[in-house]
Amino acid sequence: MSTCLVVDEMHPSLQPLLQSIGVEIDYQPTLTAAEVPAALAAQPYEGLIVRSKLRVTADLLTHGPQLRYVARAGAGTDNIDEAAMAAAGVTLLNAPEGNRDAVGEFAVGLLLGLLRNIVRADHEVRQGQWRREASRGEEIGGKTIGLLGYGHMGRAFARRLGAFGCTVLAHDSDPEVTTDGHATLVPLAELQARADVLSLHIPYSVANHHFVDAALLAGFAKPLWVMNTARGEVVDQAALVQALRAGSVRGAALDVLDNEKLNSLSSAQQATFDFLKTAPNVVLTPHVGGWTFESYARINEVLVEKIQYFRAGTLGAGAGS
């Protein structure tokens, strides 16, 4: 029986699921990132399951020469050096199918919260203010929603938008991405010309660092709302704040920030965060778009299925991403 080292807290269904496919689990979620290399070297693990505790680098992989796969419990793989994985002959598995529905639902909630002033109105009523006219909002119906990125998360959001009577456009830099009927794929320039709302669904990579910058925001024909349920680093947060100040961005709903460790912000990050946390047209949540009780368990199911296919040599093309 092969053994898999698990170094992050996981839903308790993981052990029986892995055992059902012939994989023994070595569950050590209390390990620190610094302790993982020694743990890997202690025995010939076939697999490693991680969430966000550590970066999987070329150096880390040298401590686990028997590793055949690394499974990321979630969608994003920005803490994985994919080039190092490929060089070491280690397969990367992740589970965007596990939390895409959670993200799709949450994005709808953020959009409603943003357009209907729900968060601000709730705060005001709790403060004894009954500002009905000031809380008048706008409907999703009739709007053009632009999705930047049309993978698992963008598609899940688009499916749910279908009931609102809005137009859904999507742009993806991958030429192999095709439409599923819930959004119309368009060039970036057309998205900028038509969108009322920009919702971000692109992964973080070096190429996508600050993809949404001052120039991109200035290219939109209309003042727009911006939503980010992807990764904070894909947005130049200072540029977003400037656009909010100028009114070219009407409001923003951010589930992610460029630095989510709020006690370690740089002076520049602190300045933008100070603006965002006090702006009445900004909704902030703590990276919970894909984080539900259901997705916590479903991610295990997706990962174990992919591990089973991988070990059987039947992992389909693209199944690991």
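Read on for a plain summary of the structure. Here the structure is a predicted model, which is why all the values come from computation and not from measurement. Numbering of residues begins from 1 in every chain and follows the order in which that chain's sequence is written. This being a predicted model, a pLDDT of at least 70 is required before a residue's local features are given, and a value of 80 or more before pairs of side-chain atoms are given or counted; all residues contribute to the totals for chains, interfaces and linings. Each side-chain value is worked out from all heavy atoms of the structure, with water and hydrogens disregarded.

Section: the environment of Val108
Here a strand is any run of E in DSSP of at least two residues, a helix any run of H or I of at least four, and the numbering for each starts at the N terminus. Examined against the element boundaries, Val108 turns out to sit in helix α5 (residues 96–115). Residues are treated as being in contact if the distance between any of their heavy atoms lies within 4.5 Å. For Val108, the contacting residues outside a window of four places in its chain are Phe157, Arg160 and Phe164.

What to know about the sheet that holds strand β2 (residues 23–27)
The strand order across the open sheet built from five strands is β2-β1-β3-β4-β5, with neighbouring strands paired in parallel fashion. Single-partner strands in this sheet number two, and they are β2 and β5 (91–94). Taken pair by pair, the neighbouring strands of this sheet meet at an average axis angle of 25 degrees, ignoring direction. DSSP calls a pair of strands paired once it identifies at least 2 bridges connecting them. Examined bridge by bridge, strand β1 (residues 2–6) and strand β3 (residues 47–50) share three bridges and lie parallel to one another. Along β3, the bridge assignment pairs Val6 with Ile49. Inter-axis angles, ranging from 0 to 180 degrees, are taken between N-to-C directions of lines fitted to C-alpha atoms, where helices are fitted over the stretch in contact.

Looking at the packing of α5 against helix α7 (residues 152–161)
Where α5 meets α7, the axes come as close as 8 Å, and the angle between the chain directions of the two elements is 50 degrees. If you check the angle between α5 and α7, you find them oblique. The chirality of how α5 crosses α7 is right-handed. Contact residues: α5 offers Pro96, Glu97, Asn99, Arg100, Asp101, Val103, Gly104, Glu105, Ala107, Val108 and Leu111, while α7 offers His152, Met153, Ala156, Phe157, Arg159, Arg160 and Leu161. Each residue gets one label: Ala, Val, Leu, Ile, Met, Phe, Trp, Tyr, Cys and Pro are nonpolar, Asp, Glu, Lys and Arg are charged, and the others, such as Gly, are polar. Of the residues that constitute the contact of α5 with α7, the class distribution is nine nonpolar, three polar and six charged. Here is the rule for angles: anything less than 35 degrees is roughly parallel, anything more than 145 is roughly antiparallel, 65 through 115 is roughly perpendicular, and the remaining ranges are oblique. Each helix crossing is assigned a hand: it is left-handed if the near helix lies turned anticlockwise from the far helix by less than a right angle, otherwise right-handed if that turn is clockwise.

Thoughts on the pairing of β3
Exposure classes here rest on a 1.4 Å probe applied to the protein chains alone. A residue is buried below 20% of its type maximum, exposed above 50%, and partly exposed in between. Across the two faces of β3 the burial is the same, with Gly47 and Ile49 and Leu48 and Val50 all buried. Of the pairings in the sheet, the one linking β3 to strand β4 (residues 69–72) comprises four bridges and is parallel in character. Paired with Val50 across the two strands is Arg72, which belongs to β4.

Structural notes on the sheet that holds strand β8 (residues 184–185)
Hydrogen bonds between backbone groups are what pair the strands of a sheet, and the pairing can be parallel or antiparallel. If you trace the seven strands from one edge of the open sheet to the other, you get β8-β7-β6-β9-β10-β11-β12, paired in parallel fashion. Two strands close off the open sheet at either side, each with one partner strand: β8 and β12 (282–284). The pairing of strand β6 (residues 144–148) with strand β7 (residues 167–171) spans five bridges and is parallel. What sits directly across from Leu148, in β7, is His171.

Quick word on unusual backbone geometry
Look at Asn117: it is not a glycine, yet its phi comes out positive at around 60 degrees. Structurally, the position occupied by Asn117 is in the loop between α5 and α6 (118–126). Here His287, not a glycine, exhibits a phi torsion of approximately 55 degrees, which is positive. Relative to the elements of secondary structure, His287 occurs in the loop between β12 and α12 (293–312).

A short note on empty space enclosed by the protein
Each cavity reported here is a set of points on a 1 Å grid over the protein atoms alone in which a 1.4 Å probe fits but cannot get out, each pocket an open set with protein on both sides within 12 Å along at least five of seven lines, and each lining residue one with an atom within 4 Å of a point. Grid points are joined across faces, edges and corners, and a volume is the space filled by probe spheres set on the points. If you walk through the whole model with that rule in mind, you get one cavity of 30 Å³ or more. There is about 40 Å³ of room inside the largest cavity.

Describing the packing of aromatic side chains
Only Phe, Tyr and Trp rings take part, Trp by its six-membered ring, and two of them pair if their centres are within 6.5 Å. Stacked means planes under 30 degrees apart, edge-to-face means over 60, and tilted covers everything else. Under the criterion given, the structure shown has two aromatic pairs. On the numbers, 5.6 Å between centres and 70 degrees between planes, the contact of Tyr69 with Phe310 is edge-to-face. Here the residue Tyr69 occupies a position in strand β4, and Phe310 occupies one in helix α12, the gap between them amounting to 241 residues. On the basis of relative accessible area, Tyr69 is assigned to the buried category, the value being 0%.

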